[in-house]
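Here's the letter readout for the chains.
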Amino acid sequence: MSAVVGVDLGGSKIALGLVNAENAILSRRRIDTEAAAGLDSVITRISAQVASLRRELPKGQDIAAVGVGAPGPVDPIHGDLLTLVNLPGISNTPFRRALSQRLGVPVALDHDAKVAALGEFHFGAGKKRDSMIYIVIGTGVGAAIIYQGRLLYGESNTAGESGHMTVDPNGHLCHCGSRGCLEAYASGPALSRHYATATGETIDGAQVAERARAGDVTALQTLAEAGRALGIAVASLAMTLNIELFVIGGSVAQADALLLNPARATLPGYAFKTVAERVQVRASQLGEDGAILGAAWLARARGKLS
C-alpha cells in the first residue's frame, strides 16, 4: 500500500502525519487552524503541509489519499462540515471536496471522535477486539461506538453523544440546557469549574489532573466525582449495547487511574453484575496519535469516495 496522510483538524491546531503501509507515522506537521480566515485559507495551508510531507517520500512513491478527523457535527457521506460552534469560519462548507480538488487525491472525512476511535480500535487499546466504545474527554465529552468492526452512526449520524447522557437528573446545569449531563462533570471545563467552586482558584482541567497527581485533596475529589459520573455512563452504555471494552481518551484521560478507578468502582452499582464484571475500562494507548492513525485508516478505507 502507498503512503497516506492523516489530518487531525482541531479548534486551534491542525496536526498532520505521513503514514506508511505499515501504519507507522514517518513524519509530522503542526500548524494553527486559523479557521476565521475561511475555507480557502485552511485548505491552502493544509495543502502546503501535505506537499511538504510528499517531498519526504522515497523517489517513485506518492500519497494515495488523505483522511481528516474534524470536530462535529459533520456529514460523513458528503464530507461537509456543518455548523461548528468553535470553527465558524469553515462551518457549513464542502471541506472534503474542496481539499480533494486542491490535492488531486481522494479525501475521506469524519467526526474526530470516530476517527480517533478507529485509531485505537485498529492499532491501540482495541486491537484484536470485535467491538469497542471510545469516550474522549477534553473540552467536551464525545464518543464513538464500534460494533463488530463497524462504526455506528444512528439514523441521523448522532450516535455516540454520550457527553449528554444524564448521570444525575438533579445535577449540575450543562451548557446544552439539560441537567446532570456527563459533560457537566467530566470535561476539562467542568473540572476547572468544580475545583474553583471548592477553592476559589481558577485553573484548567489539565492542571486539576496535575494537582491530583501531586496529592491535592480537592483535585483528587474533583477527579473522583468525574470518575463516578463516567462510571454511571459506562454502565448505561454497557447495559444498552452489551459492549465490554471502553477506551477513554482525550486530555482529561491523562489523569489515568485517578479518573478511571472511581469509574470502575462505580460501574457495578449501575449495571447487572454479569455485565459489570465483564466490562473493561482502559486508557487510550495512542494518545494524540490515535486521531492521525485513525484518519490514515479512514483514508485507505474510504478514499475511493472522493
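Just above sits the structure.
Below, the structure is looked at part by part.

Cut-offs and rules
Residues numbered from 1 in each chain as written. Predicted model: local features only at pLDDT ≥ 70, side-chain atom pairs only at ≥ 80, totals over all residues. Heavy atoms only, no water. Helix = DSSP H or I, 4+ residues; strand = E, 2+ residues; numbered from the N terminus. Rg over C-alpha atoms; globule rule 2.2 N^0.38 Å. Buried < 20%, exposed > 50% of the residue type's maximum accessible area, 1.4 Å probe, protein only. Areas by Shrake-Rupley, 256 points an atom, 1.4 Å probe, with all protein chains shown as cover. Lys, Arg positive; Asp, Glu negative; His and termini not counted. Charge placed at Lys NZ, Arg CZ, Asp CG, Glu CD. Pairing = 2+ DSSP bridges. Contact = heavy atoms within 4.5 Å. Axes fitted to C-alpha atoms, helices over the stretch in contact; angles between N-to-C directions. Salt bridge = Lys/Arg side-chain N within 4 Å of Asp/Glu carboxyl O. Arc of directions from axis to C-beta. Core = buried A, V, L, I, M, F, W, Y, C linked by side-chain atoms within 4.5 Å. Expected span 1.5 Å × (residues − 1). Parallel < 35°, antiparallel > 145°, perpendicular 65-115°, else oblique. Nonpolar A, V, L, I, M, F, W, Y, C, P; charged D, E, K, R; others polar. Left-handed = near helix turned anticlockwise from the far one by under 90°.

Helices and strands together make up the secondary structure of the protein chain, namely 10 helices and 12 strands. In terms of C-alpha radius of gyration, the protein chain reaches 19 Å, essentially the compact-globule figure of 19 Å for 306 residues. Going through the 306 residues of the protein chain one by one, you find that 53% of them count as buried. Total accessible area on the protein chain is roughly 13700 Å²; 50% of this is exposed by carbon and sulfur atoms. Side-chain charges in the protein chain split into 28 positive and 27 negative, and the spacing between the mean points of these groups amounts to 6 Å.

So, on to the sheet that holds strand 9 (residues 141-147). Ordered in space as 10-9-8-11-12, the 5 strands form an open sheet in which the pairing is mixed. Of all the strands in the sheet, just strand 10 (150-151) and strand 12 (280-283) have a single pairing partner and so form its edges. For strand 11 (residues 245-249) and strand 12, the ladder comprises 4 bridges, and the chain directions are parallel. Within strand 12, the position partnered with leucine 245 by the bridge is glutamine 280. Lying over the sheet, helix 3 (residues 112-123) contacts strand 8 (132-137), strand 9, strand 10 and strand 11, oriented at roughly 125° with respect to strand 8. Running at roughly 155° to strand 8, helix 7 (residues 217-241) makes contact with strand 8, strand 9, strand 11 and strand 12 of the sheet.

Turning our eyes to something else, we now look at the pattern of salt bridges. Opposite charge on two side chains makes pairing possible when the charged atoms of those side chains draw close. Scanning the entire structure with this criterion turns up 11 salt bridges. The partner of arginine 102 in a salt bridge is aspartate 40, and the shortest N-O contact between them spans 2.6 Å. In this pair, arginine 102 sits in helix 2 (residues 95-103) while aspartate 40 sits in helix 1 (residues 39-54), placing the two residues 62 residues apart along the sequence. A relative accessible area of 51% means that aspartate 40 is categorised as exposed. In this structure, the salt-bridge partner of arginine 97 is aspartate 80, at a minimum N-O distance of 2.4 Å. Of this pair, arginine 97 sits in helix 2 while aspartate 80 sits in strand 6 (residues 80-81), placing them 17 residues apart in sequence.

A separate point is helix 8 (residues 257-266). Every buried residue of helix 8 is listed here: Leu259, Leu260, Pro262, Ala263 and Thr266. The buried side chains of helix 8 occupy one side of the element, clustering within an arc of 160° when seen end-on. Where the residues of helix 8 are buried, they touch strand 8, helix 7, strand 11 and strand 12.

Bringing the nonpolar core into the picture now. Most often, soluble globular proteins keep nonpolar side chains buried together rather than apart. Formed by 46 residues in total, the largest nonpolar core has its most connected members in Ile135, Ile137, Leu230 and Phe246. With 11 residues, the top contributor of residues to this core is helix 7. Judged by nonpolar contacts, the second largest core, of 32 residues, contains Leu18, Ile43, Val50 and Val105.

A few words now on helix 1. With 16 residues, helix 1 extends 22 Å between its outermost C-alpha atoms, agreeing within 8% with the 22 Å of an ideal straight helix rising 1.5 Å per residue. In the core, the buried residues of helix 1 are packed alongside strand 1 (3-9), strand 2 (13-19), strand 3 (25-32), strand 4 (63-70) and helix 2.

Attention shifts here to the packing of helix 3 against helix 10 (residues 289-302). As a packed pair, helix 3 and helix 10 sit with axes 7 Å apart at the nearest point and diverge in direction by 85°. Considered as vectors, helix 3 and helix 10 are oriented roughly perpendicular to each other. Facing helix 3, whose interface residues are Val115, Ala116, Leu118, Gly119, His122 and Phe123, helix 10 presents Gly290, Ala291, Leu293, Gly294, Ala295, Trp297 and Leu298. Along the lines of polarity and charge, the residues of the contact of helix 3 with helix 10 split into 9 nonpolar, 4 polar and no charged.

In the contact formed by helix 1 and helix 2, the axes pass within 10 Å of each other and the chain directions differ by 45°. Looking at the two axes, helix 1 sits oblique to helix 2. With respect to the hand of their crossing, helix 1 and helix 2 are arranged in right-handed fashion. Only Phe95, Ala98, Leu99, Arg102 and Leu103 of helix 2 make contact with helix 1, whose side of the interface consists of Leu39, Asp40, Val42, Ile43, Thr44, Ile46, Ser47, Val50 and Arg54.

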